[in-house]
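Close look at the chain arrangement
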Amino acid sequence: MKRFAAPLIALALIVPLGACGFSPLYAERNGSTVTSDLMQLDVSAPEDELGREIKYSLLDVLSPTGIPPANALYRVEVAPVLYSEDVAIERDAEVTRKNLALLVPFRLVNTDTKETLLRSTSRARSSYNRVPSEYANIVAADDARERIAKAAANDIKLQLSIYFDRASGSGS
């Protein structure tokens, strides 16, 4: 009897999802998908190390090839700002832990009309320990910066996906 109870309970919980209008974000609708819209994006970022890191992280999550289309329909313009703060300071003023916070204001622009379709901000945070080895500190800081760039890229992708899903009129 218990063997049949679990599948019945799962079925009873899943059935109401269809009634509420739930639909997967990346599902195909009317021959189009959010994924195909995301592949029509180019990314514009500042030409510094952080800008390039976010740009290429974003291109990697937007398209399977990581290469923007030749004639992109949309452009994502990002303006990242990185903040650093000391969070663990010893009595001798030695910093043993740092936080990095990344704030990425971005906007989605239609390349034909130059109209801004979406304006939003992505935030990411990471931290790392500081040790006596300066080389280890540089590597740890670079790794933390890379992690928050990828986290911001994934958040931007999610926000753009929601925008395209709602713009197609099929979002709930």
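About the criteria used
Note that residues are indexed from 1 along each chain, following the sequence as it is written. Totals for whole chains, interfaces and linings use every residue, but because this is a predicted model, local features are given only for residues with pLDDT of at least 70 and side-chain atom pairs only at 80 or more, for both listing and counting. Remark: hydrogens and water are excluded; side-chain values derive from all non-hydrogen atoms of the structure. A run of DSSP states H or I qualifies as a helix once it reaches four residues; a run of E qualifies as a strand once it reaches two. Both are numbered from the N-terminal end. Exposure categories follow from relative accessible area, calculated using a 1.4 Å probe and restricted to protein chains: below 20% of the type maximum is buried, above 50% is exposed, and the middle band is partly exposed. Contacts: residue pairs with any heavy atoms within 4.5 Å of one another. Accessibility throughout is a Shrake-Rupley quantity obtained with a 1.4 Å probe, and a residue counts as covered only by protein chains that appear here. Planes of paired rings set the category: under 30 degrees apart is stacked, over 60 is edge-to-face and the rest tilted, where pairs are Phe, Tyr or Trp rings (Trp by its six-membered ring) whose centres lie within 6.5 Å. Any carboxyl oxygen of Asp or Glu that lies within 4 Å of a side-chain nitrogen of Lys or Arg is treated as forming a salt bridge with it. Helix axes are fitted only over the stretch in contact, all axes being lines through C-alpha atoms; the angle between N-to-C directions runs from 0 to 180 degrees. By definition in this entry, angles of less than 35 degrees are roughly parallel, angles greater than 145 are roughly antiparallel, angles of 65 to 115 are roughly perpendicular, and the rest are oblique. Here is the rule for handedness: rotate from the far helix to the near one, and if that takes an anticlockwise turn smaller than a right angle the crossing is left-handed, while a clockwise turn gives right-handed. Only Asp, Glu, Lys and Arg are considered charged in this grouping, and only Ala, Val, Leu, Ile, Met, Phe, Trp, Tyr, Cys and Pro are considered nonpolar; every other residue, Gly among them, is considered polar. Helix span is expected to be 1.5 Å times the residue number reduced by one. Definition used in this section: a nonpolar core is a set of buried Ala, Val, Leu, Ile, Met, Phe, Trp, Tyr and Cys residues joined via side-chain atoms within 4.5 Å. If DSSP finds at least two bridges between two strands, the strands pair.

When helices and strands are counted, the chain shows four helices and five strands. Helices and strands appear in the chain in the N-to-C order α-α-β-α-β-β-β-β-α. Looking at the chain residue by residue over its 172 residues, the buried ones come to 33%. Considering only contacts within the chain whose residues lie at least 6 apart along the sequence, 63% involve residues at least 24 apart. In the form shown here, the chain has an accessible surface area of approximately 10,700 Å², with 56% of it arising from carbon and sulfur atoms.

Here the focus is the packing of aromatic side chains. For the coordinates displayed, the defined rule picks out two aromatic pairs. Pairing Y163 with F164 gives two aromatic rings, centres 5.4 Å apart and planes at 65°, and the pair type is edge-to-face.

All told, the structure shown has ten salt bridges when counted by the stated rule. Connected through shared salt-bridge partners, E49, E53, D142 and R145 make up one network.

Turning next to the packing of helix α3 (residues 49-62) against helix α4 (residues 134-167). A packed helix pair is summarised by two numbers, namely the angle formed by the two axes and the spacing between the axes. Two elements in contact, α3 and α4, have axes whose closest approach is 8 Å; the angle formed by their N-to-C orientations is 50°. With respect to their mutual orientation, α3 and α4 come out oblique. Where α3 crosses over α4, the handedness of that crossing is right-handed. Residues E49, L50, E53, I54, S57, L58, V61 and L62 of α3 form the contact with α4, whose own contacting residues are R145, E146, A149, K150, A153, N154, I156, K157 and L160. Taken together, the residues that form the contact of α3 with α4 break down as nine nonpolar, two polar and six charged.

Before going further, it helps to examine α3. Between the first and last C-alpha of α3 there are 20 Å, a value that for 14 residues agrees with the 20 Å anticipated at 1.5 Å per step. For α3, the full list of buried residues reads L50, G51, E53, I54, K55, S57, L58, L59 and L62. On its buried face, α3 sits against α2 (34-38), β1 (41-44), β2 (74-78), β3 (81-89), β4 (95-110) and α4.

Judged by nonpolar contacts, the single largest core of 30 residues is most densely connected at L41, V76, V78 and L160. Breaking this core down by element, the ones donating at least two residues are α2, β1, α3, β2, β4, β5 (116-129) and α4. Element by element, the count of residues in this core is highest for α4, at nine residues. In this structure, V78 is in contact with S44, A45, P46, I54, L58, V104, P105, F106 and I156, ignoring residues within four places of it in sequence.

Attention now moves to the pairing of β4. In the sheet, β2 pairs with β4 via five bridges, with the strands oriented antiparallel. The residue of β4 that forms the bridge with E77 is R107. Summarising the sheet, β4 and β5 pair through 13 bridges and their orientation is antiparallel. Looking at the pairing, P105 lines up with T121 of β5. Between β4 and β5, which follow one another and run antiparallel, lie five residues, and K114 among them has a positive phi close to 65°.

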